[in-house]
Amino acid sequence: MTVQNYIDRAAHRNLFLIGFMGTGKSTIAAELSKLLFRDVLEMDETIEKREGMSIPGIFSTYGEPYFRELETSLLKEIGESGNYIISCGGGVAMRKENVEEMRKSGRIILLTAKPETILLRVLDDESRPLLKGHKNTNDIAALIHSRRPAYEAAADYVVATDDKSVEEITEEILNILEKEGISK
Ligand code: S3P
C-alpha cells in the first residue's frame, strides 16, 4: 500500500448507503455493522429522535424543506466524526451540498431496486410521506427516474438488490470494501 493509499484510507472513514426508499439501506447497514464492528447511524431515526416527531409529523408540521435542512446539518455533523455506517434517507443524495459532505468523510454506496421490488417492500409502511398515494409501480418508477442521475453521480459503487438475500448483498459490499482496502 502506498503512502497516498494510507492517507486516503484515513480520510475516508464513514460508509454511506444511499438509494431510493425500500432499497434496503437500513437492513444492510445493520448487517454490515455486525460484521464490521462499526456503529450504524440511521439518519431518519436520528432526526426523529432529535425533533421528538416522526418523519410524516415533521413533513406535515414544518414542511419538506425544513426536513431537508435537518438532513444537511446532520451530515455536516457526521463528517466531523467517523467510522460509522450511515443509512441515509432516500432524498439525501439529491442535494449537491450533501454529496460533497459525504465525499469528504467517506465512501458512498448506492443500493438500487426495480420499482416492482420497491413496491413490495414499502406496501405496508406508512412512514414515508413521499409515497403517500403513490404506492404503484408507475409513480415509483417516475420518481426513481427523476432521481437516478443524482444517485448515480453521487455513488462510488452501485449494488443492485433485486432477488438477492441480505447476506448476498452484504457479501457484495464487503468484497468492494476488501478490494478498496477499507474494510478494517
Ligand atoms: C425520503 C426517504 C425516507 C425519509 C423521507 C424522505 C426520500 O427515507 O428520509 O421520508 O425523499 O426519499 P428512507 O429512504 O429510509 O425510506
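Here, the structure is the one placed above.
In what follows, the accompanying structure is described. Just so you know, these numbers come straight off a predicted model, no measurement behind them.

Cut-offs used in this document
Residues numbered from 1 in each chain as written. Predicted model: local features only at pLDDT ≥ 70, side-chain atom pairs only at ≥ 80, totals over all residues. Heavy atoms only, no water. Near = heavy atom within 4 Å. Polar contact = N/O pair within 3.5 Å; in protein donor to acceptor, adjacent residues only side chain to side chain. Areas by Shrake-Rupley, 256 points an atom, 1.4 Å probe, with all protein chains shown as cover. Helix = DSSP H or I, 4+ residues; strand = E, 2+ residues; numbered from the N terminus. Nonpolar A, V, L, I, M, F, W, Y, C, P; charged D, E, K, R; others polar. Axes fitted to C-alpha atoms, helices over the stretch in contact; angles between N-to-C directions. Parallel < 35°, antiparallel > 145°, perpendicular 65-115°, else oblique. Left-handed = near helix turned anticlockwise from the far one by under 90°. Contact = heavy atoms within 4.5 Å. Buried < 20%, exposed > 50% of the residue type's maximum accessible area, 1.4 Å probe, protein only. Phe/Tyr/Trp six-rings, centres within 6.5 Å; stacked < 30°, edge-to-face > 60°. Pairing = 2+ DSSP bridges. Salt bridge = Lys/Arg side-chain N within 4 Å of Asp/Glu carboxyl O.

**Quick look at the site of the ligand**
With respect to spatial proximity, 14 residues lie near the ligand, and among them K25, D44, R68, R128 and R147 are the closest. At 3.3 Å, a backbone N or O of G91 approaches an oxygen atom of the ligand. With respect to the ligand, the side chain of R147 contributes an N or O atom lying 2.7 Å from an oxygen atom. In the complex, the protein chains occlude 96% of the 390 Å² of accessible area that the ligand would expose alone. By residue number, the principal contributor to the shell around the ligand is helix α5 (residues 64-80), which donates three residues. When grouped by side-chain class, the residues that make up the shell around the ligand number five nonpolar, three polar and six charged.

**Quick word on the packing of α5 against helix α6 (residues 96-105)**
Where α5 contacts α6, the two axes come as close as 9 Å, and the packing angle between them is 15 degrees. Classified by the angle between their axes, α5 and α6 sit roughly parallel to one another. Note on packing geometry: the crossing formed by α5 with α6 is left-handed. Counted together, T72, L75, K76 and G79 of α5 and E97, N98, E101, M102 and S105 of α6 form the full contact between these two elements.

**Quick notes on the environment of R38**
Within the secondary structure layout, R38 lies in the loop between α2 (25-36) and β2 (40-42). Residue class for R38 comes out buried when judged on its relative accessible area of 9%. Taking C-alpha positions, R38 is 27 Å from V122, a pair spaced 84 residues apart along the chain. In terms of polar contacts, R38 uses its side chain to reach the backbone carbonyl oxygen of R13, at 2.6 Å.

**Some words on the side chain of T46**
In this fold, T46 is placed in helix α3 (residues 43-51). Those residues in contact with T46, other than ones at most four positions away along the chain, are L41 and L74.

**Some thoughts on the packing of aromatic side chains**
By the definition in use, this model includes two aromatic pairs. Ring centres of F59 and F67 lie 5.1 Å apart, and the angle between their planes is 45 degrees; on these two criteria the pair is classed as tilted. The same class applies to F59 as to F67, namely buried. Here the aromatic rings of Y62 and Y66 are separated by 4.5 Å at their centres, their planes lie at 40 degrees, and the arrangement is tilted. Judged by its relative accessible area of 44%, Y62 is partly exposed. With relative accessibility at 31%, the residue Y66 sits in the partly exposed group.

**Overview of the environment of L123**
By the secondary structure assignment, L123 is in the loop between α7 (115-122) and α8 (137-154). A relative accessible area of 39% means that L123 is categorised as partly exposed. Between the C-alpha atom of L123 and that of I144, which follows or precedes it by 21 residues, the distance is 16 Å.

**Thoughts on the pairing of strand β4 (residues 106-112)**
Of all seven residues making up β4, six are buried, and the element is well covered by its neighbours. Where strand β1 (residues 14-18) meets β4, five bridges bridge the pair, whose relative direction is parallel. Among the inter-strand pairings, L17 is bridged to a residue of β4, identified as I109. Examined bridge by bridge, β4 and strand β5 (residues 157-160) share four bridges and lie parallel to one another. Paired with L111 across the two strands is V159, which belongs to β5.

**Observations regarding the pattern of salt bridges**
One pass over the full model with this rule turns up 11 salt bridges. R68 is paired through a salt bridge with E71; the nearest N and O atoms lie 2.9 Å apart. Residue R68 and its partner E71 are located together in helix α5, separated by three residues, close to a single helical turn. With respect to burial, R68 and E71 carry one shared label: buried. When the shortest N-O distance is used, the salt bridge between D125 and R128 registers 3.3 Å. Linked by salt bridges that have partners in common, E64, R68 and E71 make up one network.

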